[in-house]
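So you can see what is in the structure, the chains are spelled out below.
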Amino acid sequence: MAVQPRGDHQPEPPAQPRGDYPAEPPAPATTVLILNGPNLGRLGSRQPEIYGSATLADIEAACAALASRLGLSVDVRQTDDEAELIGWIHEAADRRLPVVLNPAAFTHYSYALRDALAMRTAPLVEVHLSNPAARETFRHFSVVSAVADGTIAGFGPQSYELAIRAVARLLCR
Ligand code: DQA
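If you're wondering where the values come from, they're calculated on a predicted model, not measured in any experiment. (Residues numbered from 1 in each chain as written. Predicted model: local features only at pLDDT ≥ 70, side-chain atom pairs only at ≥ 80, totals over all residues.)

**With respect to the overall build of the protein chain**
When helices and strands are tallied, the protein chain shows 5 helices and 5 strands. Moving toward the C terminus, one meets the helices and strands of the protein chain in the order β-α-α-β-α-β-α-β-β-α. Looking at the protein chain as a whole, 31% of its 173 residues qualify as buried. The contacts of the protein chain with a sequence gap of at least 6 include a subset with a gap of at least 24, amounting to 75%. (Helix = DSSP H or I, 4+ residues; strand = E, 2+ residues; numbered from the N terminus. Buried ≥ 20, exposed ≤ 12 C-beta atoms within 10 Å, placed from the backbone. Contact = placed C-beta atoms within 7 Å.)

This is the structure in structure tokens:
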């Protein structure tokens, strides 16, 4: 076996200038956080004439099946608590995870949620089962839309599937 002579190491090449790049490249974003705000845990029995009969578990199953066909995975969560939802948004920003978000009633008034979303580091798609623009006036304005890549509303559970497809496209950019 050839033995390398010691003490003749070449000097390290000079470090390349890094410009504005982050120190570490982001990990590939394959998990999509699907976050749901207040009262969405009651889907199936909550005003089915508006929200349909699918439960959140049904929506989760459909999202998981679609995501796996697109090479993604999903992590579906629901909370009635604004602080918990904001904590998950912070987590998404830190982990550079894309988010599909149904903010439910927080859509219309939570500036704290909007401020958290403004720190996002990956795609964000806002979803609604119903079409808020066709409902009561207080639902016509979203404080979230301006910090999202886009909004999908009015297609029932399919809104979530369309949002996952949108995230997949955004990740390919
Ligand atoms: C909703 C619409 C909101 O106005 C409402 O407060 C919800 C559900 C939807 O999915 O259609 O809770 O986000």
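From this point, the discussion proceeds with the structure in view.
**Looking at the site of the ligand**
With respect to spatial proximity, the complete set of residues near the ligand consists of N39, N102, A104, A105, T107, H128, L129, S130, P132 and R139. Residues that form the shell around the ligand fall into these classes: 4 nonpolar, 5 polar and 1 charged. (Near = placed C-beta within 6 Å. Nonpolar A, V, L, I, M, F, W, Y, C, P; charged D, E, K, R; others polar.)

**Notes on the sheet that holds strand β4 (residues 124–128)**
Taken in spatial order, the 5 strands line up as β2-β1-β3-β4-β5 in an open sheet, and their pairing is parallel. Two strands bound the open sheet, and with one partner strand each, they are β2 (73–78) and β5 (150–153). Averaged over all pairs of adjacent strands, the angle between their axes in this sheet comes to 20°, without regard to strand direction. Of the pairings in the sheet, the one linking β4 to β5 comprises 4 bridges and is parallel in character. Residue pairing in the sheet places V125 in a bridge with G150 of β5. Set on the sheet, helix α2 (residues 56–69) makes contact with β1 (31–36) and β2; between it and β2 the angle comes to about 160°. (Pairing = 2+ DSSP bridges. Axes fitted to C-alpha atoms, helices over the stretch in contact; angles between N-to-C directions.)

**Notes on the pairing of strand β3 (residues 99–102)**
Burial of the side chains of β3 extends over both faces: V99 and L101 are buried on one face and V100 and N102 on the other. Where β1 and β3 come together, 4 bridges link them in parallel fashion. Residue pairing across strands places L35 opposite L101, the latter belonging to β3. Traced from β3 through helix α4 (residues 111–117) to β4, the parallel crossover comes out right-handed. (Right-handed = clockwise from strand over helix to strand, strands pointing away.)

**Observations regarding helix α5 (residues 158–172)**
Under the 1.5 Å per step criterion, the end-to-end length of α5 is 22 Å for 15 residues, consistent within 8% with the ideal 21 Å. Along α5, the residues classified as buried are S159, Y160, E161, A163, I164 and V167. Those residues of α5 that are buried are in contact with β1, α2, β3, β4 and β5. (Expected span 1.5 Å × (residues − 1).)

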